[in-house]
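Here is how the chains run, residue by residue.
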Amino acid sequence: MPQTLSLITLLVDDYDRAIAHYCGALGFELREDSDHGGGKRWVRVAPPGSTETCLLLAQASTDEQRARIGDQTGGRVGFFLRTDDFWRDHARMIANGVAFLETPREERYATVAVFRDAYGNRWDLLQPKP
């Protein structure tokens, strides 16, 4: 059987706040929210249409984990949100309070703009060119 990437862990400060941000402002779908006892939950979210890969929203539980919330990639863009309509999603995200760090730009490979999620993680919103 071929391999697939199924989950990417993203440290957050609070499950419900993270669900509200990713499913509200970014328009993701809540795929699972299971109670694992002791305050732990298994929370998976993904953009609509994503069939394989989800973000696992993991509430930080140690000082070491809390120190990494929002900076899991050392300030680099760590996540790439691909869209089929850049301007539709860009406008919707701005209307929902998403902070873009730059004016959208046309690159040879895509229309792209960097934004920051509620935790400070940097993302590219991009629409690849045909």
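Computed from a predicted structure; not experimentally measured. (Residues numbered from 1 in each chain as written. Predicted model: local features only at pLDDT ≥ 70, side-chain atom pairs only at ≥ 80, totals over all residues. Heavy atoms only, no water.)

(A) Structural detail: the UniProt feature "domain: VOC" (unreviewed entry) in the chain. Per the UniProt record, the feature "domain: VOC" (unreviewed entry) sits at residues 4–128. Helix makes up 22% of residues 4–128 and strand 39%, and the two end C-alpha atoms of the span are 22 Å apart. (UniProt positions renumbered as here; feature names shortened; annotations may be inferred. Helix = DSSP H or I, 4+ residues; strand = E, 2+ residues; numbered from the N terminus.)

(B) Looking closely at the pattern of salt bridges. In the structure shown here, the tally under the stated rule is 13 salt bridges. Between R92 and D89 there is a salt bridge; the shortest N-O distance is 3.8 Å. Residue R92 and its partner D89 are located together in helix α3 (residues 86–95), separated by three residues, close to a single helical turn. Its relative accessible area of 31% is what places R92 among the partly exposed residues. (Salt bridge = Lys/Arg side-chain N within 4 Å of Asp/Glu carboxyl O. Buried < 20%, exposed > 50% of the residue type's maximum accessible area, 1.4 Å probe, protein only.)

(C) Broad picture of the layout of surface pockets. Counted as a void, the largest pocket has a volume near 280 Å³. Contributions of two or more residues to the lining of the largest pocket are made by β4 (54–59) and β5 (77–82). When residues of the lining of the largest pocket are assigned to their parent elements, the largest contribution, four residues, is made by β5. When its residues are assigned to classes, the lining of the largest pocket shows 10 nonpolar, two polar and one charged. Space inside the second largest pocket adds up to approximately 180 Å³. For the second largest pocket, the lining is made up of 14 residues, of which P47, P48, L81, R82 and D89 are closest to its centre. Looking at the lining of the second largest pocket, the elements that each hand over two or more residues are β5 and α3. Among the elements that take part in the lining of the second largest pocket, α3 stands out by supplying four residues, more than any other. Among the residues forming the lining of the second largest pocket, the class breakdown is seven nonpolar, two polar and five charged. (1 Å grid on protein atoms, 1.4 Å probe; cavity = no way out; pocket = protein on both sides within 12 Å on 5 of 7 lines; lining within 4 Å. Points joined across faces, edges and corners; volume = space filled by probe spheres on them. Nonpolar A, V, L, I, M, F, W, Y, C, P; charged D, E, K, R; others polar.)

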